[in-house]
Amino acid sequence: MAKDIKENCGLFGIFGDAEAVQKVYFGLYSLQHRGQESAGIASSNGEFMQCYKGMGMVSRVFRRGSGLLEKLANPIAIGHVRYSTTGSSKAVNSQPLMSEYSRGQVAVAHNGNLINAALLRDEYEAYGSIFKSTSDTEVIIHLLAKPTHVSKPDPLAHVLNHLQGAYCLLFLFTDRIEAARDPCGIRPLCIGRTEKGGYVIASESCALDMIGAKFIREVEPGEIVTLDKSGLSSRFFVKPGIVTPAHCIFEHIYFAKQNSTIFGENVHEFRKKLGRQLAIEQPADADVVIPIPDSGTSAAVGYAEQSRLPFDMGLVRSHYVGRTFISPDQKLRELEVKLKLAVVKETVGGKSVVVVDDSIVRGTTTKGKIRTLRQAGAKQIHMRVSCPPLRFPCFYGVDFPTKEELLANNRDFEQIKEFLEVDSVGYMSLEGMLSCAVLPAQSYCTACWNGKYRIPVDIPVNKFSMEHHQKHMFDDLPQTNE
Ligand code: SF4
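Note that this is a predicted model, so its numbers are computed, not measured.

Details of the overall build of the chain
Here is step 1: Along the chain, the regular secondary structure elements total 17 helices and 24 strands.
Here is step 2: The buried share of the chain, reckoned over its 482 residues, is 59%.
Here is step 3: Contacts in the chain between residues at least 24 apart in sequence constitute 70% of all its contacts with a sequence separation of at least 6.
Here is step 4: Accessible area of the chain: about 19900 Å², with a carbon and sulfur share of 54%.

Right, dumping it as structure tokens:
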């Protein structure tokens, strides 16, 4: 796919490790697929905090030889990589967001989307609160600092109960890290243990593997996990009966890395199962199965296994292409597709080809890839998609195009086939997709396929929901150092 849908964000935190900041750096590196717009690290020596963040990938923000990691070196640290889902892509919105309030310093890193952030912000602004960013995350700091909340027996639990939507959060206080996951557990968050006995929290288990930490368990929906000098402790901020899991199954289909375990299951294995199920539901009379790399690769392996067709690489992705700019005409757009994905003529020439991808969003990039396969001599092209047709936007932390822009909105399969210029098109059924998962079907969010939003969305939110508040204030700023 499907870069038309952008990942959300990645979190990594570690307590009580002499190399905490270095480990956060490597942890963020392995979570880079979750967000490439900005990166940041906040650390504490037990008394004071520091934070550095900036625009771009981890390797750009924390350049080798910059000395930044050495300056931040402290035994408690959290980090964040961001793709903006609320608040535009500007330095002022990069995270962790660090602030000082009546209880001292705090830094917050967030993965998800708060659907009531604009309402809360309006409420606070009406009482004179001043916001520095247009990100939904800043609202949490204002909630935390409110005097009537500070005086509660468990201020953090009290604050979390005001939030609606998807959130995995890391809070760095000078003496501890607190990690929280929303009561639906929409985004993944897990706990690991280092060889030296320290604790780590990360969005995906691939980041634990990266630093040699062992996966212990996931943070439960509605749970707060505290890492401090006594070790790890846990409490719930909602009653167990209120916890109704709605894990984002799109994490399994597209966002998460193949070597991660999320929602109780390895991502690559899950995608292979999808591929097998797809071959059962949507067989094709063909010579070879090829994936759209890299997102369709695991499903294509499963499809080939089940259908007993050979698996081969018909498209090869270039790993060295940076961002290309909006191309003004069709010819240049086709060149752009070729730049990113090259065809292996020997694999597809004169053959009937099954092309497997994880999803189709707008369909324009898929159409470009199909054209390059035709130009390379593919005789027949059968498009197979390992999830159902996407028809609804996401309000829980994924930046979707509008409903009208989605290929499957108001188009039947025949029209999709014509648009893509393929010989046949076959999507996975919703039931088939859910049958591949280890948890019961009702444990997953499937709103972008069936429009059933588990957390009601009264006012649809998007990336720019809070922009009107500070339209003129933030043009592209240089990197920030707090
Ligand atoms: S709407 Fe789709 S992308 Fe968004 S949380 Fe639900 S399953 Fe995930």
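Section: the pattern of salt bridges
Here is step 1: Within this structure, the stated rule accounts for 21 salt bridges.
Here is step 2: As a salt-bridge pair, Arg34 and Glu204 come within 2.7 Å of each other at their nearest N and O atoms. Here Arg34 is found in the loop between helix H1 (20–30) and strand S2 (38–44), whereas its partner Glu204 is found in the loop between strand S10 (199–202) and helix H8 (205–210), with 170 residues between them in sequence. For the residue pair Arg34 and Glu204, the accessibility class agrees, reading buried in each case.

Observations concerning the sheet that holds strand S21 (residues 380–385)
Paired through their backbone hydrogen bonds, the strands of a sheet run either parallel or antiparallel.
Here is step 1: The 4 strands are arranged S17-S20-S21-S22 in an open sheet whose pairing can be described as parallel. Each end of this open sheet is capped by a strand with a single partner; those strands are strand S17 (288–291) and strand S22 (424–427). Strand-to-strand, the axes of this sheet are offset by a mean angle of 25°, without reference to chain direction.
Here is step 2: Of the strand pairs in this sheet, S17 and strand S20 (residues 352–357) are connected by 4 bridges, and their pairing is parallel. Paired with Val289 across the bridge in S20 is Val354.
Here is step 3: Sheet strands touched by helix H11 (residues 297–307): S17, S20 and S21. Its angle to S17, the strand with the most contacts, is close to 165°.

Points about the sheet that holds strand S6 (residues 104–114)
Here is step 1: Read across the open sheet, the 6 strands follow the order S5-S6-S7-S8-S12-S13; overall the sheet is antiparallel. The two strands at the open ends of the sheet, each matched to only one other strand, are strand S5 (97–101) and strand S13 (231–236). The sheet shows a mean angle of 20° between the axes of neighbouring strands, taken without regard to direction.
Here is step 2: Where S5 and S6 come together, 5 bridges link them in antiparallel fashion. Across the sheet, Ser99 pairs through a bridge with Val106, a residue of S6.

Re the packing of aromatic side chains
Here is step 1: Throughout the structure, instances matching the rule amount to 13 aromatic pairs.
Here is step 2: Clustering of aromatic rings is evident, with ring pairs tying together Phe250, Tyr254, Phe255, Phe400 and Trp449.
Here is step 3: We note Arg176 situated over the ring of Phe173; from NZ or CZ to the ring centre the distance is 4.1 Å.
Here is step 4: Over the face of the ring belonging to Phe419 we find Lys367, whose NZ or CZ atom lies 4.2 Å from the ring centre.

With respect to the site of the ligand
Here is step 1: Every residue lining the ligand is accounted for by Ile186, Arg187, Cys248, Phe250, Cys394, Tyr396, Val398, Cys445, Ala447, Cys448 and Trp449.
Here is step 2: The pocket occupied by the ligand, as judged from atoms lying within 2 Å of grid points, is the largest cavity.
Here is step 3: Here the shell around the ligand gets 3 residues from one element, more than from any other, and that element is helix H17 (residues 447–450).
Here is step 4: A class-by-class count of the residues in the shell around the ligand yields 10 nonpolar, no polar and 1 charged.

Topic: empty space enclosed by the protein
Here is step 1: Following the criterion strictly, the structure yields 3 cavities of 30 Å³ or more and no others.
Here is step 2: Here the largest cavity is characterised by a volume of approximately 100 Å³.
Here is step 3: Lining of the largest cavity is provided by 16 residues; of these, Arg187, Cys248, Cys394, Cys445 and Cys448 occupy positions nearest its centre.
Here is step 4: Secondary structure elements with two or more residues in the lining of the largest cavity: helix H9 (249–255) and H17.
Here is step 5: When residues in the lining of the largest cavity are grouped by element, the largest group, 3 residues, is from H17.
Here is step 6: For the lining of the largest cavity, a count of residues per class yields 15 nonpolar, no polar and 1 charged.

Overview of the pairing of strand S3 (residues 49–55)
Here is step 1: Within S3, 6 of the 7 residues are buried, leaving the element largely enclosed by the surrounding structure.
Here is step 2: Pairing geometry for S2 and S3, over 7 bridges, is antiparallel. Residue Ser43 lies in a different strand from S3, and its bridge partner there is Gln50.
Here is step 3: The loop that links S2 with its antiparallel partner S3 comprises 4 residues; one of these, Gly46, has a positive phi angle of about 105°.

Points about helix H15 (residues 413–420)
Here is step 1: Three or more residues of H15 are buried, namely Ile416, Phe419 and Leu420. For H15, the angular spread of the buried residues around the axis is 90°, confining them to a single face.
Here is step 2: Where H15 is buried, its residues meet helix H14 (364–375), S21 and S22.
Here is step 3: At the exit of H15 stands Glu421, carrying a positive phi of roughly 60°.

Thoughts on the packing of helix H10 (residues 267–281) against H11
Here is step 1: Taken N-terminus to C-terminus, the directions of H10 and H11 make an angle of 45°; their axes are 6 Å apart at the nearest point. If you check the angle between H10 and H11, you find them oblique. Pair H10 / H11 crosses with right-handed handedness. In this structure, H10 uses His268, Arg271, Lys272, Gly275, Arg276, Leu278, Ala279 and Ile280 to contact H11, whose residues at the interface are Ser298, Ala299, Val301, Gly302, Tyr303, Glu305, Gln306 and Ser307.
Here is step 2: Of the residues that constitute the contact of H10 with H11, the class distribution is 6 nonpolar, 6 polar and 4 charged.

Side note on helix H4 (residues 117–126)
Here is step 1: Three or more residues of H4 are buried, namely Ala117, Leu120, Arg121 and Tyr124. Buried residues of H4, viewed axially, fall in a sector of 100°; they line one side. When the buried face of H4 is taken as reference, the exposed residues oriented beyond 90 degrees from it are Leu119 and Ala126.
Here is step 2: Turning to H4, the residues buried within the fold contact S6, helix H5 (138–145) and helix H6 (147–150).
Here is step 3: Looking at the residues trailing H4, positive phi occurs at Gly128, about 100°.

What counts, and where the lines are drawn
Along each chain, residues carry numbers from 1 onward, in the same order as the chain's sequence is written. Local features in this predicted model are restricted to residues of pLDDT 70 or higher, and side-chain atom pairs are both shown and tallied only at a pLDDT of 80 or more, whereas totals for entire chains, interfaces and linings draw on every residue. Excluding hydrogens and water, the side-chain figures rest on all heavy atoms present in the structure. Only DSSP runs of H or I covering at least 4 residues are called helices, and only runs of E covering at least 2 are called strands; the numbering of each starts at the N terminus. Partly exposed residues are those whose accessible area sits between 20% and 50% of the maximum for their type, while under 20% is buried and over 50% is exposed, using a 1.4 Å probe and protein chains only. What makes two residues a contact is simply this: any of their non-hydrogen atoms within 4.5 Å. Every accessible area reported is derived by Shrake-Rupley at a probe size of 1.4 Å, with residue values counting cover from the shown protein chains alone. By definition, a salt bridge exists where a carboxyl oxygen of Asp or Glu is found within 4 Å of a side-chain nitrogen of Lys or Arg. Only strands joined by at least two bridges in the DSSP assignment are considered to pair. Angular values range over 0 to 180 degrees, each being the angle between N-to-C directions of two axes fitted as lines to C-alpha atoms, with helices fitted over their stretch in contact. Between rings of Phe, Tyr and Trp, where Trp is taken as its six-membered ring, a pair exists when centres lie within 6.5 Å; planes separated by under 30 degrees are stacked, by over 60 edge-to-face, and by other angles tilted. As a reminder, the over-ring test applies to NZ of lysine and CZ of arginine, requiring each to be within 6 Å of the ring centre and within 35 degrees of the ring normal. We call a residue near a molecule or strand whenever a single non-hydrogen atom of that residue lies within 4 Å of it. Every definition here rests on a 1 Å grid over the protein atoms only: cavities are sets of points where a 1.4 Å probe fits but cannot get out, pockets are open sets enclosed by protein on both sides within 12 Å along at least five of seven lines, and lining residues have some atom within 4 Å of a point. Pocket or cavity membership: a molecule qualifies when more than half of its atoms sit within 2 Å of the grid points of that site. When residues are grouped by polarity, Ala, Val, Leu, Ile, Met, Phe, Trp, Tyr, Cys and Pro land in nonpolar, Asp, Glu, Lys and Arg in charged, and all others, Gly among them, in polar. Grid points are joined across faces, edges and corners, and a volume is the space filled by probe spheres set on the points. In this context, the arc is that of the directions from the helix axis out to the C-beta atoms. Under this scheme an angle from 65 to 115 degrees is roughly perpendicular, one under 35 degrees roughly parallel, and one over 145 degrees roughly antiparallel; angles in between are oblique. Each helix crossing is assigned a hand: it is left-handed if the near helix lies turned anticlockwise from the far helix by less than a right angle, otherwise right-handed if that turn is clockwise.

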